[in-house]
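So the chains spell out like this:
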Amino acid sequence: MSHPRRSYRPASPVVIGLLGLTISAGTAFAADDDEDKPTKPAIPNIYLDLRTIYATIPAGTLGLGFGNTSLSAAFEALAAQRGTTLPNGLPAAKSIVVDLPLTVDVSDRVSLYGGVSGSTIDIGGGWSSFDITSWNIGVQADLYQQNGGKIPTITLQSTLTQSVPNEQGMTTSFNNILEFDYALDEDETRGWLAGVQYTHTDIASQLARIKPNTILYAGGYYQWPSNWKFTGRLGVQSFGGAQLGGRTLAESFTQPILRLDLDRMDDNDNRLFGITALIAWMPKPSYQLTLRTPLYAVRN
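Residues numbered from 1 in each chain as written. Predicted model: local features only at pLDDT ≥ 70, side-chain atom pairs only at ≥ 80, totals over all residues. Heavy atoms only, no water.

Student: Looking at this model, I keep getting lost on the overall build of the chain. Mind explaining?
Tutor: Assigned secondary structure in the chain consists of 2 helices and 17 strands. Considering the chain as a whole, with its 300 residues, one finds that 49% of them fall into the buried category. Total accessible area on the chain is roughly 13800 Å²; 61% of this is exposed by carbon and sulfur atoms. (Helix = DSSP H or I, 4+ residues; strand = E, 2+ residues; numbered from the N terminus. Buried < 20%, exposed > 50% of the residue type's maximum accessible area, 1.4 Å probe, protein only. Areas by Shrake-Rupley, 256 points an atom, 1.4 Å probe, with all protein chains shown as cover.)

Laid out in C-alpha cells, this is it:
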C-alpha cells in the first residue's frame, strides 16, 4: 500500500462496486469541507500494486511466509491436484508469480484492493505455462493511529484468496495480519514493529487438509530524508502441515523467518518502488524475492 507503515497485498464485481462507493464517498466528503480548510482530493489514490515474486520452496512443505496468499494458493492447489501422483510427497519447486491487485487508498487509514494473480511453477520437469491461478480481495485499515501519542498505530489487513479454476482441489485462504507500529518521532520516519499473521486454508476435497500457518514477528524501520525506507522483520513461523488421503503431504514445522524491505517513497509517502527479500526455514531455507512497481492511475 502507499502509506509508509504498510509493506504488505480481471477485478471482481465486488471490487468494482467498492471503487464506485469509495469515489462517491470521497467526492461527498470533499463537498462538505469548510471553505477555510485545505481542499481534499476529489478521488483517492488508485493504482495497480504490481508485484513480481520469485520463490524457491524445499521439498515436502507449503509454508510460505509473510502475506503471500497468491503464492500459497498456487502451491496449495498444486499439492491437492497432484498429490496422489507424487508418491514421494511434494518435490522441491520454483515459482514466478505476478500479482495485479487494483488498489484504492480511500484515505491514509484505509485501503481496498482486489485482483488476480498468475503463476508458473517448475517442479523439476521444466516450467509450466503461465496461467491465472488465483483471485483475491481484501482491506487494510488503521484501527488506531499513534499521532504522537504513547499507544502505537494498530493496523489490520485481511485478504481472501481463492485458487482457480473452480474445481476439485481448489483452495480458499483467509489471511489476517495484525501489526503494531510504534513511531519514535513525529514524522514517523523511524520506529518499532510487532505483529502476528494467521493464515487458514480450506480445500475443496474431503481427502485433503491444510492446517493453519502462524507467524509472530518483531522489527523496525528507518526512512531517510531522501525518502528511501528500510524495514526489517524477524520472527517465528509455525506451519501445521498438510495431509492427503491419510498420508502426510507436507510436514509441520516451527522455524525462524526473516524479511527485509527497501522502498522508495515520494514526499506524500506513496510507494514508487519496492524490493523485498525473504528467507524462511522450513526447516531447509526457502528464498523469495519480490519487486513492487505500482502503476498509478491517480496519485495524490
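Student: Quick question: what am I supposed to make of a nonpolar patch on the surface here?
Tutor: Side chains of Y222, W224, W228, F230, L260, L262, L272, F273 and L291 sit close together on the surface and give an oily, nonpolar patch of about 730 Å² of accessible area. At the level of secondary structure, the elements contributing two or more residues to the nonpolar patch comprise β11 (228-239), β14 (253-265) and β15 (271-281). Among the structural elements, W228 can be located in strand β11. What makes W228 partly exposed here is its relative accessible area of 32%. (Patch = residues over 30% accessible without salt bridge, like charges linked within 9 Å, V, L, I, M, F, W, Y side chains within 5 Å. Salt bridge = Lys/Arg side-chain N within 4 Å of Asp/Glu carboxyl O.)

Student: How should I be thinking about the side chain of N136 in this particular structure?
Tutor: Position of N136 relative to the elements: it lies in strand β5 (residues 131-144). Once you skip the residues sitting within four places of it in the chain, N136 turns out to touch P101, Y113, G114, G115, S117, T159, L160 and T161. (Contact = heavy atoms within 4.5 Å.)

Student: Help me out: how do you make sense of the sheet that holds strand β12 (residues 242-244) in this one?
Tutor: Paired through backbone hydrogen bonds, the strands of a sheet run either parallel or antiparallel to each other. Taken in spatial order, the 3 strands make up an open sheet running β9-β12-β13, and their pairing is antiparallel. The open sheet has two edge strands with one neighbour each: β9 (208-210) and β13 (247-250). In this sheet, neighbouring strand axes are inclined to one another by 25 degrees on average, regardless of whether the strands run parallel or antiparallel. Summarising the sheet, β12 and β13 pair through 3 bridges and their orientation is antiparallel. Bridge pairing links A242 to A250 in β13. (Pairing = 2+ DSSP bridges. Axes fitted to C-alpha atoms, helices over the stretch in contact; angles between N-to-C directions.)

Student: Would you explain the environment of R271 in this entry?
Tutor: Relative to the assigned elements, R271 resides in strand β15. Through-space distance from the C-alpha of R271 to that of N227 is 9.6 Å; in sequence the pair is 44 residues apart.

Student: Just to check I follow, could you spell out the nonpolar core for this structure?
Tutor: Note that soluble globular proteins tend to have their nonpolar side chains buried in a common cluster. By size, the foremost hydrophobic cluster in this structure holds 19 residues, and its most contacted members are L62, F66, I210, F239, A242 and I257. Elements with a contribution of two residues or more to this core: β9, β10 (213-223), β12, β13, β14 and β15. (Core = buried A, V, L, I, M, F, W, Y, C linked by side-chain atoms within 4.5 Å.)

Student: Is there a simple way to explain the packing of aromatic side chains in this structure?
Tutor: Geometrically, a pair of aromatic rings is defined through the distance of the ring centres and the angle of the planes. By the definition in use, this model includes 3 aromatic pairs. On the numbers, 4.8 Å between centres and 35 degrees between planes, the contact of Y47 with Y296 is tilted. Of this pair, Y47 sits in strand β1 (residues 45-48) while Y296 sits in strand β17 (residues 295-298), and the two are 249 residues apart along the sequence. The exposure class of Y296 is partly exposed, given its relative accessible area of 23%. Sitting over the face of the ring of Y221, K229 holds its NZ or CZ atom 4.8 Å from the ring centroid. When the ring centre of Y296 is taken as reference, the NZ or CZ atom of R299 above it lies at 5.5 Å. (Phe/Tyr/Trp six-rings, centres within 6.5 Å; stacked < 30°, edge-to-face > 60°. Lys NZ or Arg CZ within 6 Å of the ring centre and 35° of its normal.)

Student: Sorry, what's going on with the pattern of salt bridges here?
Tutor: A side chain of one charge can pair with a side chain of the opposite charge when the charged atoms of the two come close. Counting across every chain of the model gives 9 salt bridges. Among the ionic pairs, R51 bridges to D99, the shortest N-O distance being 3.6 Å. In this pair, R51 is assigned in strand β2 (residues 51-57) and D99 in strand β3 (residues 93-105), connecting sequence segments 48 residues apart. Within this structure, D49, R51, D99 and R292 form a network of salt bridges that share partners.

Student: Would you mind showing me how to read the pairing of β10 here?
Tutor: Strand direction decides the pairing type here: strand β8 (residues 190-203) and β10, joined by 10 bridges, are antiparallel. From the neighbouring strand, V196 faces β10, where its bridge partner is L216. Summarising the sheet, β10 and β11 pair through 11 bridges and their orientation is antiparallel. Note on β11: the bridge partner recorded for N213 is F239. Turn length for the β10-β11 hairpin, with the two strands adjacent in sequence and antiparallel, is 4 residues, and the turn residue N227 shows positive phi of about 75 degrees.

Student: Looking at this structure, I do not really get the confidence of the model for the chain. What am I missing?
Tutor: Atom-level detail of predicted coordinates should not be read off regions where pLDDT is low. Looking at the chain, the pLDDT average stands at 81 and 78% of residues meet or exceed 70. Of all the helices and strands in the chain, helix α1 (residues 13-31) carries the lowest mean pLDDT, 41, while β10 carries the highest, 97. This stretch, residues 1-38, has a pLDDT under 50; its non-local contacts, to residues over four places away or in other chains, come to 89 contacts. (pLDDT = per-residue confidence, 0-100.)

Student: Sorry if this is basic, but what is going on with the environment of R209 here?
Tutor: As for its position among the elements, R209 is in strand β9. Accessibility expressed as a relative area gives 52% for R209, which makes it exposed. In this structure the C-alpha to C-alpha distance between R209 and Q243, which are 34 residues apart in sequence, comes to 5.3 Å. Ignoring sequence-local partners within four residues, the contact set of R209 consists of I203, G241, A242 and Q243.

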